[in-house]
Structure formats: structure tokens, C-alpha cells
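An overview of the molecular structure
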Amino acid sequence: MTPVCLAGFMRRVGPALLDAFPQRILNIHPSLLPAFPGLEAQRQALEYGVQVTGATVHLVTSELDSGPIVLQASVPVLPNDTVDTLSARAAA
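Quick caveat: nothing in here was measured; it's all calculated off a predicted structure.

Analysis parameters
Residues numbered from 1 in each chain as written. Predicted model: local features only at pLDDT ≥ 70, side-chain atom pairs only at ≥ 80, totals over all residues. Heavy atoms only, no water. Helix = DSSP H or I, 4+ residues; strand = E, 2+ residues; numbered from the N terminus. Contact = heavy atoms within 4.5 Å. Areas by Shrake-Rupley, 256 points an atom, 1.4 Å probe, with all protein chains shown as cover. Lys, Arg positive; Asp, Glu negative; His and termini not counted. Charge placed at Lys NZ, Arg CZ, Asp CG, Glu CD. Buried < 20%, exposed > 50% of the residue type's maximum accessible area, 1.4 Å probe, protein only. Polar contact = N/O pair within 3.5 Å; in protein donor to acceptor, adjacent residues only side chain to side chain. Salt bridge = Lys/Arg side-chain N within 4 Å of Asp/Glu carboxyl O. Pairing = 2+ DSSP bridges. Axes fitted to C-alpha atoms, helices over the stretch in contact; angles between N-to-C directions.

A count of helices and strands for the protein gives three helices and four strands. In the protein, the succession of helices and strands from N to C terminus is β-α-β-α-β-β-α. Projected onto its principal axes, the C-alpha coordinates of the protein cover approximately 45 × 20 × 20 Å. The long-range share in the protein, meaning contacts at least 24 apart out of those at least 6 apart in sequence, stands at 45%. Just so you have it, the protein exposes about 6000 Å², and 61% of that area is on carbon and sulfur atoms. Charged side chains in the protein number 5 positive and 7 negative. The centres of these two groups are separated by 5 Å.

What follows concerns the side chain of Q42. Relative to the elements of secondary structure, Q42 occurs in helix α2 (residues 41-48). Dropping the residues within four chain positions of it, Q42 is found in contact with P30, V83, L86 and S87.

Next up on the list: the side chain of H29. Of note, H29 is situated in strand β2 (residues 25-29). Given the relative accessible area of 4%, H29 is considered buried. One polar contact links the side chain of H29 to the main-chain carbonyl oxygen of F36, over a distance of 2.9 Å. Excluding residues within four positions of it along the chain, H29 makes contact with F36, P37, G38, A41, G54, A55, T56, H58 and D65.

For the coordinates displayed, the defined rule picks out two salt bridges. Linking D81 and R89 is a salt bridge whose minimum nitrogen-to-oxygen distance equals 2.4 Å. Classification of D81 as buried rests on a relative accessible area of 13%. Among the residues examined, R89 registers a relative accessible area of 25% and is labelled partly exposed.

We now examine the sheet that holds β2. Strand order in the open sheet made by the four strands is β1-β2-β3-β4, with mixed pairing throughout. The sheet terminates laterally at β1 (4-7) and β4 (69-76), the two strands that pair on one side only. Adjacent strand axes in the sheet meet at a mean angle of 15° when their direction is disregarded. Note that β1 and β2 share four bridges and pair parallel. Across the sheet, the residue bridging to C5 is L26, located in β2.

See the structure below:
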């Protein structure tokens, strides 16, 4: 079984890839899904005012950032965080 890993892939995958690798495509998303799917997750987290965010590894489905969660890791949101500082800490 060959897995496919997406990281920084900013497009939705289509049926051809999903059918070729069923339940074997992983994505890394920069939020604690289901919170803040889609683009600019750290900006969304800061604007919403959460105190904790993080990253999620999930299986890719046809729905945007909604596949089964495999693993999550959290990081605190600090009072002076910017999108850049929060992104750097979440990626570490």
C-alpha cells in the first residue's frame, strides 16, 4: 500500500487521486480540525481569539479538511502572537 502525503498542497484533490489511493492520502493542516478549515488557519485562530491552536494530520476525502483525524498536536496562542510567530511555533 502506497500512501500519499500532502503538506502545503493548496488545492482540493479530485476523484482520480482519491479513487487511486482510497483512505491512503494524508494531509497536514495548520489547525486543530474541525476548527479553521481551509486557507489562513492561523489568521482565523488569531481573529477568533482562541488560546490554543495546533496542527492536524487527517485522511483526505472529497470534503475540504474533513477527513478522519489521525493525529493532532496543540500549541498555545500567546498574547503577542502574529500570524508569522504562531505559524513558526505550530510548525516546530
